[in-house]
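Next come the chains, spelled out residue by residue.
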Amino acid sequence: MHDTQVKVIDETRQGEALDMPGNQTGKKLFLESYGCQMNFSDSEIVASILMENGYTTTRNFEGADVILVNTCSIRENAEQRVRKRLTQFNQSKKTNPSLKIGILGCMAERLKKNLLEEEKLVDLVVGPDAYRDLPQLLEETETGQKAVNVLLSREETYAEITPVRLDGNGVTSFISITRGCDNMCSFCVVPFTRGRERSRDPQTIVHEAKYLFQEGYREVTLLGQNVDSYRWNINSKGEIKDESKPTVNFAQLMEMVAKVHPDLRVRFSTSHPKDMTDEVFEVMARYDNICNYIHLPVQSGNSEVLKKMNRGYTREWYLDRISSMRKHIPDVGISTDVITGFCSETDAEHNDTISLMETVKFDFAYMFKYSERPKTLAERKYEDDIPEDVKSVRLREIIDLQMQHCHESNQRDLGKTFKVLVEGTSKKSDEQMKGRNSQNKMCVFPKGDFNKGDYVMVKITDCTAATLLGEVTEIVSKRA
Ligand code: 5AD
Ligand code: SF4
């Protein structure tokens, strides 16, 4: 009937690799990434580790000596896409028999040796906590051996590694602040593929933000599976670990990063409704350079379903977080994630999701059909019993509703003026530039006497489904 899965940014970004200057005699690495922003951030750590060891990166997989694919397991179709791509890469071995192909990230962790033995698609399998071992593991493959390291760690945060920025706009960047996840949402494979949650040393985070600012970056996104549970020198019971050292929670960390420079914008992702405190909203309200935007996945609008999902909050709790957020930050932009067709979801429960969406009116949403994942609590406890066609109909319903809300949200912005960080030339026309407002909406406007990295005021005159269109009324500050 229709596309069964919404195209989501986090699954369509791929193949970002950069030709870097460096040791030209070194081996050429083609690094392709799938999945969430965390994976893209990890790929920058991988590139950094391998470039330190003499590798250069290439955008052309046919000329590469090593192909690494950083993968995602969140839904089954994400894994299928990677399998197809690996099969395609394997064709290159016919003309280049010494080519080594490796799989990194969540699929590596989930499937482990199966990928080497049963599927024979790769030479190398490396999980998300073992990237420091990559140079040595690649060396092992030189002799025709297969190499694996899928050990998960309780400590690894790659804290002191300066990532090589592969995304290339030179203006916006990610900083990982936590790794892993302890939440055990019943549908989610992440706690199994990325291991226990751990927070990174706040000093190394601030240092990275300062470094990025000096390098010309003007926006950082603090990344973690659940940024609100960031804690330094505090144990899981909330007790101080070392009395002689300061403690840092997420709100405090965000403030430390916001203080790096007023021209450095701060974003963060992803927040968890059960852990999102008013303290975070207060800090957001206090600093102009912390963006007024929150991605707060709801998953379902029904408290019974939320309980089965093991989300740790009710519909009422979620709505209370939204009210508090809007009270503290009246112009906040809010987006969410929704899953339709979770185990034995009834029509009435689905309608609760619809009514929640109508109450909140999200500015943006990522929407998915439930995809059962091996080993998860839901797979062990509940039946994946909603027929595919029912999942699809429900998904279509919420997509249509969300499209209406996106349109209304954009219409409300007509005539408003926003401060926008210029990110570069618009994809569609060389005569147009693009950048986001604080609420994370993409704005497109004619070129002028400003460049990427500058802040401009843009008056919104028109909109499309996904973009605000406008004119620059003032150049606020130029990147030095
Ligand atoms: N099926 C469908 N969607 C899922 N997500 C996570 N696991 C699954 C699954 N098994 C969605 C959630 C999460 C987002 C990153 O992916 O909505 O917030
Ligand atoms: Fe998965 Fe839940 Fe952790 Fe997000 S918070 S990564 S959905 S277990």
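Residues numbered from 1 in each chain as written. Chains lettered and ligands numbered in written order. Predicted model: local features only at pLDDT ≥ 70, side-chain atom pairs only at ≥ 80, totals over all residues. Heavy atoms only, no water.

A.B. asks: Any details on the overall build of the protein chain? Residues and values, ideally.
C.D. replies: The number of helices and strands found in the protein chain is 15 helices and 21 strands. For the protein chain, the C-alpha radius of gyration of 22 Å lies close to 23 Å, the compact-globule estimate for 480 residues. Along the three orthogonal principal directions, the C-alpha set of the protein chain runs to about 65 × 60 × 55 Å. A burial count over the protein chain gives 57% of its 480 residues as buried. In the protein chain, of all internal contacts separated by at least 6 residues, the share reaching a separation of at least 24 is 71%. Roughly 20,800 Å² of accessible area belongs to the protein chain as shown, and the carbon and sulfur atoms make up 49% of that amount. Taken together, the 66 basic and 74 acidic charged side chains of the protein chain have centroids lying 1 Å from each other. (Helix = DSSP H or I, 4+ residues; strand = E, 2+ residues; numbered from the N terminus. Rg over C-alpha atoms; globule rule 2.2 N^0.38 Å. Buried < 20%, exposed > 50% of the residue type's maximum accessible area, 1.4 Å probe, protein only. Contact = heavy atoms within 4.5 Å. Areas by Shrake-Rupley, 256 points an atom, 1.4 Å probe, with all protein chains shown as cover. Lys, Arg positive; Asp, Glu negative; His and termini not counted. Charge placed at Lys NZ, Arg CZ, Asp CG, Glu CD.)

A.B. asks: So what's going on with the domain arrangement of the protein chain? Residues and values would help.
C.D. replies: The domains assigned to the protein chain are domain 1 (12–149), domain 2 (169–291), domain 3 (293–412) and domain 4 (417–477). Taken together, the 13 residues of domain 1 in the interface contact 15 residues of domain 2. A buried area of about 1,300 Å², summed over both sides, lies between domain 1 and domain 2, and 54% of it is on carbon and sulfur atoms. When the buried surface of domain 1 facing domain 2 is broken down by residue, Gln37, Met38 and Asp129 rank first, second and third, together holding 40% of it. (Domains from an automatic or database assignment. Buried area = accessible area lost by both parts, 1.4 Å probe.)

A.B. asks: Break down the pairing of strand β15 (residues 333–340) for me, citing the residues and quoting the values.
C.D. replies: When you tally the buried positions in β15, you get eight out of eight residues, the bulk of the element. Where strand β14 (residues 293–295) meets β15, three bridges bridge the pair, whose relative direction is parallel. Opposite Ile294, over in β15, you have Ile334 as the bridge partner. In terms of strand pairing, β15 meets strand β16 (residues 364–369) through six bridges, oriented parallel. Counted as the bridge partner of Ser335 is Phe364 from β16. (Pairing = 2+ DSSP bridges.)

A.B. asks: Account for the sheet that holds strand β10 (residues 219–223), naming residues and giving values.
C.D. replies: With respect to topology, three strands assemble into an open sheet ordered β7-β10-β13, the strand pairing being parallel. Looking at strand neighbours, the two that pair on one side only are β7 (172–176) and β13 (265–269), the edges of this open sheet. Here the average twist between neighbouring strands, direction ignored, is 25 degrees. Note that β10 and β13 share five bridges and pair parallel. Looking at β13, one finds that Leu223 is bridged to Ser269. (Axes fitted to C-alpha atoms, helices over the stretch in contact; angles between N-to-C directions.)

A.B. asks: I'd like to hear about the site of ligand 1, residue by residue, with values.
C.D. replies: Ligand 1 sits among Ile74, Arg75, Phe187, Gln299, Asp337, Ile339, Phe368, Lys369, Tyr370, Ser371 and Arg373. Notes on ligand 1: free accessible area 410 Å², of which the protein chains cover 89%. Among the elements of the structure, β15 and β16 are those that each provide at least two residues to the shell around ligand 1. The class makeup of the residues in the shell around ligand 1 is five nonpolar, two polar and four charged. (Near = heavy atom within 4 Å. Nonpolar A, V, L, I, M, F, W, Y, C, P; charged D, E, K, R; others polar.)

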